[in-house]
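Each chain, letter by letter, is given below.
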Amino acid sequence: MPTAYLAAEDFTAQLHEELRRAGARVTATHDRLLLADGEAVASAWAANVWHDVREVAIGSIGDAAEKLRAVQRNWAMYAPRHHRRASLIQERLPHVSAKPLVFPSPVPTAPLGSWTLLAPDRLLYAAHCASPFANGELAFVEDRDGPPSRAYLKLWEAFTRLGARPQPDALCLDLGATPGGWTWVMASLGARVIAVDKAPLDPTVAEMPGVTWRGESAFALDPASLPRLDWLCSDVICYPARLLTLVQRWLVAGTVRNIVCTLKFQGETDHNTAAAFAAIPGSRLFHAHHNKHELTWALLRSGAAREHEPSTAAGPHHGSQ
Ligand SMILES: C[S@@+](CC[C@H](N)C(=O)[O-])C[C@H]1O[C@@H](n2cnc3c(N)ncnc32)[C@H](O)[C@@H]1O
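Parameters at a glance
Residues numbered from 1 in each chain as written. Predicted model: local features only at pLDDT ≥ 70, side-chain atom pairs only at ≥ 80, totals over all residues. Heavy atoms only, no water. Buried < 20%, exposed > 50% of the residue type's maximum accessible area, 1.4 Å probe, protein only. Helix = DSSP H or I, 4+ residues; strand = E, 2+ residues; numbered from the N terminus. Arc of directions from axis to C-beta. Pairing = 2+ DSSP bridges. Axes fitted to C-alpha atoms, helices over the stretch in contact; angles between N-to-C directions. Core = buried A, V, L, I, M, F, W, Y, C linked by side-chain atoms within 4.5 Å. Contact = heavy atoms within 4.5 Å. Near = heavy atom within 4 Å. Polar contact = N/O pair within 3.5 Å; in protein donor to acceptor, adjacent residues only side chain to side chain. Nonpolar A, V, L, I, M, F, W, Y, C, P; charged D, E, K, R; others polar. Salt bridge = Lys/Arg side-chain N within 4 Å of Asp/Glu carboxyl O. Phe/Tyr/Trp six-rings, centres within 6.5 Å; stacked < 30°, edge-to-face > 60°.

**Q** Before we move on, could you go through helix H3 (residues 83-91) and cite the residues and values that matter?
**A** Buried within H3 we find Ala 86, Ser 87, Ile 89 and Gln 90. All buried residues of H3 lie within an arc of 160° about the axis, which places them on one face of the element. Of the residues in H3, the exposed ones pointing more than 90 degrees away from the buried face are Arg 84 and Glu 91.

**Q** I'd like to hear about the sheet that holds strand S15 (residues 283-286), residue by residue, with values.
**A** Spatial ordering of the open sheet is given by S12-S11-S10-S13-S14-S16-S15, a layout of 7 strands whose pairing is mixed. Since the sheet does not close on itself, it has two edges, and those belong to strand S12 (211-214) and S15, each with one partner. On average, each strand axis in the sheet is inclined to that of its neighbour by 15°, with strand direction left out of account. Bridge count between S15 and strand S16 (residues 294-299): 4 bridges; the pairing is antiparallel. In the sheet register, Phe 286 faces S16, and the bridge partner there is Thr 296.

**Q** Can you tell me about the nonpolar core, naming the residues and giving the values?
**A** Judged by nonpolar contacts, the single largest core of 46 residues is most densely connected at Leu 173, Leu 175, Leu 263 and Trp 297. Sequence-distant contacts of Leu 173, that is, excluding residues within four places in its chain, are made with Ile 194, Val 196, Leu 221, Leu 226, Leu 229, Trp 231, Leu 232, Cys 233 and Trp 250. Core analysis: the second largest hydrophobic core is formed by 37 residues, Leu 101, Val 185, Met 208 and Ala 288 among them.

**Q** Tell me about the site of the ligand, residues and numbers included.
**A** Taken together, 19 residues are adjacent to the ligand, and Thr 178, Gly 181, Asp 197, Ala 218 and Asp 235 come closest. One of the side-chain nitrogen or oxygen atoms of Ser 149 is found 3.0 Å away from an oxygen atom of the ligand. Within the backbone of Pro 179, a nitrogen or oxygen atom sits 3.5 Å from an oxygen atom of the ligand. Tallied by class, the residues present in the shell around the ligand amount to 8 nonpolar, 6 polar and 5 charged.

**Q** A description of the pattern of salt bridges should follow, citing residues and the corresponding values.
**A** A complete count under the given rule lists 15 salt bridges for this structure. Arg 122 is paired through a salt bridge with Glu 55; the nearest N and O atoms lie 3.0 Å apart. Taken as a pair, Arg 122 in strand S8 (residues 122-126) and Glu 55 in strand S5 (residues 54-57) lie far apart in primary sequence, 67 residues in all. Close ionic contact of Arg 150 with Glu 142 constitutes a salt bridge, the shortest N to O distance being 2.5 Å. Glu 142 sits in the partly exposed class, given a relative accessible area of 27%. Each of Lys 154, Asp 235, Lys 264 and Glu 294 takes part in salt bridges that share partners, so that together they form one network.

**Q** Please set out the packing of aromatic side chains residue by residue, giving values where relevant.
**A** A full pass over the atoms with the stated rule returns 11 aromatic pairs. Measuring from centroid to centroid gives 5.8 Å for Trp 45 and Phe 265, while their planes differ by 45°, and the two rings are tilted. With Trp 45 in the loop between strand S3 (33-36) and strand S4 (46-51) and Phe 265 in the loop between strand S14 (256-264) and helix H8 (271-278), this residue pair connects regions lying 220 residues apart in the sequence. Among the residues examined, Trp 45 registers a relative accessible area of 1% and is labelled buried. Given a relative accessible area of 6%, Phe 265 falls into the buried group.

**Q** Can you lay out the sheet that holds strand S6 (residues 75-77) for me, pointing to particular residues and giving the numbers?
**A** Strand order in the open sheet made by the 4 strands is S5-S8-S7-S6, with mixed pairing throughout. Across the chains shown, the open sheet's two edge strands, defined by having one partner strand only, are S5 and S6. Across the sheet, the mean angle separating the axes of adjacent strands is 30° when strand polarity is ignored. In this sheet, S8 lies alongside S5 in antiparallel orientation, the contact comprising 4 bridges. Residue pairing across strands places Glu 55 opposite Leu 124, the latter belonging to S8. Here helix H2 (residues 61-71) sits on the sheet and contacts S5, S6, strand S7 (113-119) and S8; the angle it forms with S8, its principal contact strand, is near 20°.

Written out as structure tokens, the structure is:
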């Protein structure tokens, strides 16, 4: 069965390259949607993966809606072309709530399929998709007063997608913490946070209960100098290869339970280092909707406080809105 991969916005070239490296042959493209032969392969740059894709002829708008409804209830439209006609089809489908999530909330669990119009009379659809969000777009009810930067949305998204987050009193290390969006997220959850950055935190974050700031380099920190950590988070601006060395040092030390890091690409995408991160057993690598030219890498160990089991980007279908 063919699989369709919806590239994260602006990262179609990265997805193409990732699929090529994984040996998935792209047979057709439909704007950001790449069709490939066979079962899904791991794809960090895909915002959504459509499993077991089907293509059918449609005679009319009503016919298309009927064909989709006969498969299941909930559908997300992807309409880079024939937008008006596609919108008329979507209007005839049951309403699917696209309300932004209030953090922390679990991800929705009802099935959500995806469909598009390849041509006015050709419907492409998949009942089973990797993301429970329409086109992989996870939106939050934002907090415009608390956090000092919008980076907090990346960590909200990571914790939501992982189905795990620091519990009250957890000990967290936040590398590259300034101005303090991620520290704010963890301290707001009641965790204790050691924030490391050469620049000082925004005062409103520095004054939060449980927050300590250390004005040093993340790379100079000796894991042995710190107690056991529940979470290690890094949003440090650095080359991904340097971040990999840092993560490996912490893994060898064995003193941290869960890790969330941002791989930040400067100029070229470093696919080799991204693959090296993805190959770390038990970890996940994904492009969060709130990421720019970045990927989020996470490793959860047993004992992590989870709300529910995490899903894999290319894994089986598990939800909808
Ligand atoms: C994207 S910002 C982090 C934003 C932060 N996560 C937030 O939510 O507000 C990257 C940070 O990495 C810091 N940084 C760069 N090199 C560093 C190093 N060697 N050690 C610690 N922090 C570093 C920068 O000072 C900058 O504050």
